Each structure stands twice: as structure tokens, then as C-alpha cells.
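One letter stands for each residue in the lines below.
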Amino acid sequence: MPRRRQRRTAFARPREFTLQRAPRAATSPVRMSSPVRVRFAPSPTGYLHVGGARTALFNWLFARHHGGTFVLRIEDTDQQRNTAEALQVIYDGLRWLGLDWDEGPDAGGPHGPYRQSERQTIYERYFQQLRDAGHLYDDGGAWRFRFRREVVEVDDLICGRIAFDFANVEIMPDMTVRRPDGSWIFHFVNVVDDIEMRITHVIRGEDHLSNTPKHLQLFAALGAEPPRYGHIPLILNPDGSKMSKRDQGASITGYTENGYPPEAVRNYLCLLGWSPKDDRELMPIEDVVARFDLANVNRKGAHFDLAKCDWISAQTIQHMSSERYRELAQPWLAKAGLPTDAPSLDAVLALEKMKVTHLTEIADRVSFFFTEDFPYDPAAVEKTLRKPGALDRIRQLGEACAALEPWDAAVLEAKLKEVAAAVPCKPAEFIHPARIAVSGRAVGPSLYHMLEVLGKERVLARFQRTLGTFDAA
RNA sequence: GACCCUAUCGUCCAGCGGUUAGGACACCGCCCUUUCACGGCGGUAACACGGGUUCGAAUCCCGUUAGGGUCACCA
């Protein structure tokens, strides 16, 4: 950390200056003359890793913050991995997170094609250029790029200035750019594409930091101005190990399947390695876009914390509009065979909104609203309904409420308390049996609100059903 | 092994030479309460270690240790 401080102040702009105020600084991460162009360049492996998603997110935030262009490039040189399904996973994941791209395989754009598998002629041309200039040599059929044996300095927007010494050939052997079968090596096509696509800023995982000087050498040999680099820290497992496909929280698909609102996952990812520097955590994405800055990105690898992600999910749900909540809930209701267009849907959903962490919970929480044939929880029946007098309370309450007007939570509460006071007994002696009578459960929404949403007819009918079911027994 | 990055509560962040080291998650109490929650209040808990520099260091420098990354005819 000590070192970082100095480097940062030396090479990144001071935090108190905004871009607008200090556009001329030589070390400004953004040259005003060239609009920002960033890219996310995943390889279609069949799943989208959280680390990759966050890299995409940071690129997207940077582009949107600077009014730049976000390019999606598919690095599918490995034919094995190149399937339509694998590509779809990337599209789905990015779209789910709300990360829209301006140029890409499907979106098109002036610098396409955007899949490496379709850019053969371009690579061929650059290859020729390198070979003609004497930077390449044949090594058993493969082509190697001859490094300049000197110190290469990487001036990273996040990491500061780092020197890599290429003097020792043993330690830094010349890299292969093309295999004997004619296929290309990542470093080469990556650099060629960044040149061709006019990429101004490369924001990628820290695992590429050590590759950067090699890329810089390629840029120099090709006579191209390199982009600015910003290497973001990796996301680790809670135990500090590298996160891989099977680890919990690793796959974006997992969040979709487990019922996280996409904006919640995105919010959590924003906070992993970046901070607004005040204590805000729950932030609309527009606010993050407005404040995002590479200078505020951390250097430390972040341990993934699903509990925090869950909290953000619950908070996000709690604070979202009823329209958005309904929209997110509907697929899960449908999946459970519940109606998605009931007139009282919003009212029903609102009853448990503040308790939901995952959208997957919703259907079960509200299922009893949609059928008069709901089951009774045996434990609840045993504990509460079998108690002496419990059924009498239900009967009394039913009679007292039969003529109640209007049928709303406040009036119901007043009436229930009045009836209890007349007995006299605690309101709880009515509340618990009544809850089970109308829902079959000991746990659920606030009783009065639940009764209101259910409506008088159904409440009284459910009281009757309960009495009929357990009185005789 | 070589090279590179990193090091503040268990976790995520704040801290930019002088702070009772702050916030959030998690955890533990208490309050609210008809259940489950939400919410409110409070608590436990950290500067990895050792040397410097300085009147003064979590903050600057060096080293050690630990973690991570890269050293491919993977991406």
C-alpha cells in the first residue's frame, strides 16, 4: 500500500479534480481528443464468471461515465469452445445485468467483425507486417515474436508505474504468436484487435498485469499507440483461493436461478473493489455511473461474501417499486403454477415484500392466497389450534366480523382487540388461531393486512373450513 | 523457482503524517411486535511482523512473512 500511494498520486490525477477541471493533465486517464472506447473480451466458455462480469461492469461504468463506447468482442479463437450456446450465455449474462454494448457481434459497428474467428484476414495482415519488419522468426513451424531486451514500463491507471525487465532471455523467452497449424495466440490477436477497434482504455483483471509489457512490445513493433491500462483486482473465494467455475457465487447464471434481482447483484459487484468513498452502499446504477472513477478502484483482491450479496438483494427488493417487484416476481409465480394476473396481486405481494431475500421465496410465501384448499401445517395445528378454546376464538371472531364495515386492517384490528377485551383475554389468543385458520401457517404476513387483502368472504369461508376440519376431529 | 501485485475488524470498504482508527455485512444483546421479518439502539472485533524517517507513522522508506498473479504452440 505505501508504494501504491505514491504511484497513484504521481500518475493518476488528484482526486479532488474532476475530469472537466483538469483535462490537460498529461497523465489524465482520458484524453479529451479521443473519445473513450473500452471493450469486454470474453472467451465463450459456457459460463460467465463473476470476475468477468465485474470486469464487464467496470468497463461499462467507465464508458458510460465518460460518454464513451462499450465494445463486446468475442475471443473465440479456440474452436472447441466456440458454440452458439456458449455465446448466448455471455449475451444473457450481460443483458441480465443491464450491461448494454454499443458494438458487438450482434450489434454490429464500424470496427467489426467482432468475433475473432471471423477476423482471419486482419490478423494475417498484421502478421505480415510484423514479419516484414523482422520482428518474427520461425521456430519449428511456430512463429515467435522477438522481444526487445530492455526494461518495459507499464503505466497503469490503477497500479501505478511498474517496470518489467526483459533483459534475460531465459526468464522472458520470446513469445509465440502463431502456432504451426496457423492458429493465433491470444496476445497477438488481443493486441491487433485493440488497435483495429481503436480501444483507448483496457480495463481487465489483474491476472493480465504481467502480460501487459508483452502487449506493449507488440504495440511498439506494430507502430501503434497503446491504450491506457487499468488492472482490477481479482475476486477470490471466502477462503482466499481463486474462484473457479464450481465455487458458490462464481457463475452469473447461478444468481438468475437463485432469484437475485439483477440490479442487486450489479450493486454488490460495484462495491467489490470500488467505493464511492462516502459510506453509500445501496446505489442506483445512475449514481454509480456518475461517480465511477478508476482512481477509486482498489488494489486488493476481494473475498466474495454471499451474505452481503444477500443483504443487498433483500434491501434492493424492499426498496423497489411495486411495479418492478411484480415484474420480477411473476416468472417465479408462474413457475409455481400460481396466477400472475390476479387483481389483488400487488397487494398480496406487498404483504411479504420486506421479508424476501431471493425471488424464489415469493411463491411459497403467498401460495395460500390463491387457493381455498391450502394445507394446514401440522405443527401449527398441534401447537395452537388444538389448544382448548382456540376454535371458539375463531368462531367468535367470525361472528364479530360478519357485519364489519369497512373491511380494512385498521378496523379489523380494532374489532379483534375489542372482542378480546370483552372476553377478556390477550389479542394473541385470537390472532394465532386466526392466522392458521386463513393461511394454514403459524408464520406469515401481518394478520390484519392479510385479512384485508383476503377479503371478508374468503376469510369467513376459511374460518368455516377450519372449524369444519378440526371441530369434528 | 524467477518476476510482479497486495497486506486496516471474520468479510467488504473509509482513512492520503497528529482520529477515542469510521461505516456496512455477519455475529451477540436490548427495544418495537400477533408470528416471521423490517426497523431502532447498543456491543464484540482490525492497522501482519521487524527496522528506519519524523516532534509525531495505519499513513512515507527498507526488509521479513503471508496471500494472489504471471512465467504456454490456454484465453
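Everything discussed here concerns the structure shown above.
About the thresholds
Residues numbered from 1 in each chain as written. Chains lettered and ligands numbered in written order. Predicted model: local features only at pLDDT ≥ 70, side-chain atom pairs only at ≥ 80, totals over all residues. Heavy atoms only, no water. Helix = DSSP H or I, 4+ residues; strand = E, 2+ residues; numbered from the N terminus. Rg over C-alpha atoms; globule rule 2.2 N^0.38 Å. Buried < 20%, exposed > 50% of the residue type's maximum accessible area, 1.4 Å probe, protein only. Contact = heavy atoms within 4.5 Å. Areas by Shrake-Rupley, 256 points an atom, 1.4 Å probe, with all protein chains shown as cover. Lys, Arg positive; Asp, Glu negative; His and termini not counted. Charge placed at Lys NZ, Arg CZ, Asp CG, Glu CD. Pairing = 2+ DSSP bridges. Axes fitted to C-alpha atoms, helices over the stretch in contact; angles between N-to-C directions. Parallel < 35°, antiparallel > 145°, perpendicular 65-115°, else oblique. Nonpolar A, V, L, I, M, F, W, Y, C, P; charged D, E, K, R; others polar. Expected span 1.5 Å × (residues − 1). Bend = angle between axes of the 7 residues up to and from the residue. Polar contact = N/O pair within 3.5 Å; in protein donor to acceptor, adjacent residues only side chain to side chain. Phe/Tyr/Trp six-rings, centres within 6.5 Å; stacked < 30°, edge-to-face > 60°. Lys NZ or Arg CZ within 6 Å of the ring centre and 35° of its normal. 1 Å grid on protein atoms, 1.4 Å probe; cavity = no way out; pocket = protein on both sides within 12 Å on 5 of 7 lines; lining within 4 Å. Points joined across faces, edges and corners; volume = space filled by probe spheres on them. Arc of directions from axis to C-beta. Salt bridge = Lys/Arg side-chain N within 4 Å of Asp/Glu carboxyl O.

For chain A, the count of helices and strands is 19 helices and eleven strands. Over its C-alpha trace chain A gives a radius of gyration of 31 Å, far above what one expects of a compact globule, namely 23 Å for 473 residues. Oriented by its inertia axes, the alpha-carbon framework of chain A measures out at about 100 × 50 × 40 Å. Residue burial in chain A is summarised as follows: out of 473 residues, 51% are buried. Contacts in chain A between residues far apart in sequence, at least 24 positions, make up 73% of those at least 6 positions apart. Counting only carbon and sulfur atoms, one obtains 51% of the accessible surface of chain A, whose full area is about 22000 Å². If the 62 positive side-chain charges of chain A are averaged to one point and the 62 negative ones to another, these points end up 5 Å apart.

Moving on to the pairing of strand β5 (residues 151-156). Of the two faces of β5, only one is covered, namely that formed by V152, V154 and D156; the face formed by V151, E153 and D155 stays uncovered. Sheet topology places β5 next to strand β6 (residues 160-165); six bridges connect them, and they run antiparallel. Each bridged residue has a counterpart across the sheet, and for D155 the counterpart in β6 is R161. The antiparallel pairing of β5 with β6 creates a hairpin that spans three residues between the two strands.

Pairing is antiparallel across the open sheet formed by three strands, whose spatial order is β3-β4-β7. Of all the strands in the sheet, just β3 (136-139) and β7 (175-178) have a single pairing partner and so form its edges. Each neighbouring strand pair of the sheet contributes to a mean axis angle of 45 degrees, computed without reference to strand direction.

Here we take up the packing of helix α2 (residues 50-65) against helix α8 (residues 262-270). Where α2 meets α8, the closest approach of the two axes is 10 Å, and the angle between their N-to-C directions is 80 degrees. The orientation of α2 with respect to α8, classified from their angle, is roughly perpendicular. Listed contacts from α8 to V50, A53, R54, L57, F58 and L61 of α2 are R266, L269 and C270. Its residues assigned to classes, the contact of α2 with α8 comprises seven nonpolar, no polar and two charged.

Compared with an ideal rise of 1.5 Å per residue, which puts 14 residues at 20 Å, helix α11 (residues 322-335) spans 20 Å between its outermost C-alpha atoms and is within 8% of the ideal. Along its length, α11 shows its largest kink, about 35 degrees, at A329, and proline P331 lies within four residues downstream of that point. Buried residues of α11: Y325, L328, A329, W332 and L333, and no others. At its buried positions, α11 is contacted by α7 (252-257), α8, α10 (306-319), α12 (345-352) and α13 (362-366). Of the residues trailing α11, G337 is marked for its positive phi of about 80 degrees.

Within the secondary structure, H231 is located in strand β9 (residues 228-232). For H231, a relative accessible area of 0% corresponds to the buried category. A polar atom in the side chain of H231 sits 3.3 Å from the side chain of R204. A distance of 3.0 Å separates a polar atom in the side chain of H231 from a polar atom in the side chain of T212.

Here we take up the packing of aromatic side chains. Taken as a whole and assessed by the stated rule, the structure comprises 15 aromatic pairs. Through a chain of ring-to-ring contacts, three or more aromatic side chains come together here, namely Y123, F127, W143, W184 and F188. Looking at R54, its charged tip hangs above the ring of F58, at a distance of 5.4 Å from the centre.

Approximately 1000 Å³ is the volume attributed to the largest pocket. Forming the boundary of the largest pocket are 37 residues, of which A41, P42, S43, D207 and H208 lie nearest the centre. Counting only elements with at least two residues in the lining of the largest pocket, the list comes to β1 (37-40), α2, α5 (186-196), β8 (201-205) and β10 (235-236). In terms of residue class, the lining of the largest pocket is made up of 15 nonpolar, twelve polar and ten charged.

Attention now goes to unusual backbone geometry. It is generally the case that most residues other than glycine have a negative phi and that most peptide bonds are trans. For the bond running from E405 to P406, omega is -15 degrees, close enough to zero to count as cis. Tracing the chain through its elements places P406 in the loop between α15 (390-401) and α16 (409-422). The linkage connecting V423 with the following residue, P424, adopts the cis geometry, with an omega of -5 degrees. Here P424 shows up in the loop between α16 and α17 (428-439). Backbone geometry at R198 places phi at a positive 60 degrees, although glycine is not the residue there. Here R198 lies in the loop between α5 and β8.

For the rest of this paragraph, the subject is α12. When α12 is considered as a whole, its buried residues turn out to be L345, V348, L349, L351 and E352. The buried residues of α12 occupy an angular sector of 150 degrees when projected down its axis, which confines them to one face. On its buried face, α12 is in contact with α11, α13 and α18 (447-454).

What the rule picks out here adds up to 36 salt bridges. Between D392 and R395 there is a salt bridge, with its nearest N and O atoms 2.8 Å apart. On the criterion of helical spacing, the pair formed by D392 and R395 is a turn pair, its members being three residues apart in helix α15. Since its relative accessible area comes to 30%, R395 is described here as partly exposed. For K415, the salt bridge goes to E418, with nearest N and O atoms at 3.4 Å. Of this pair, K415 and E418 both sit in helix α16, three residues apart, which is roughly one turn of that helix.

Turning our attention to the side chain of E196. Looking at the element boundaries, E196 is found in helix α5. Engagement of the side chain of E196 in a polar contact is seen with the side chain of Y126, the distance being 2.7 Å.

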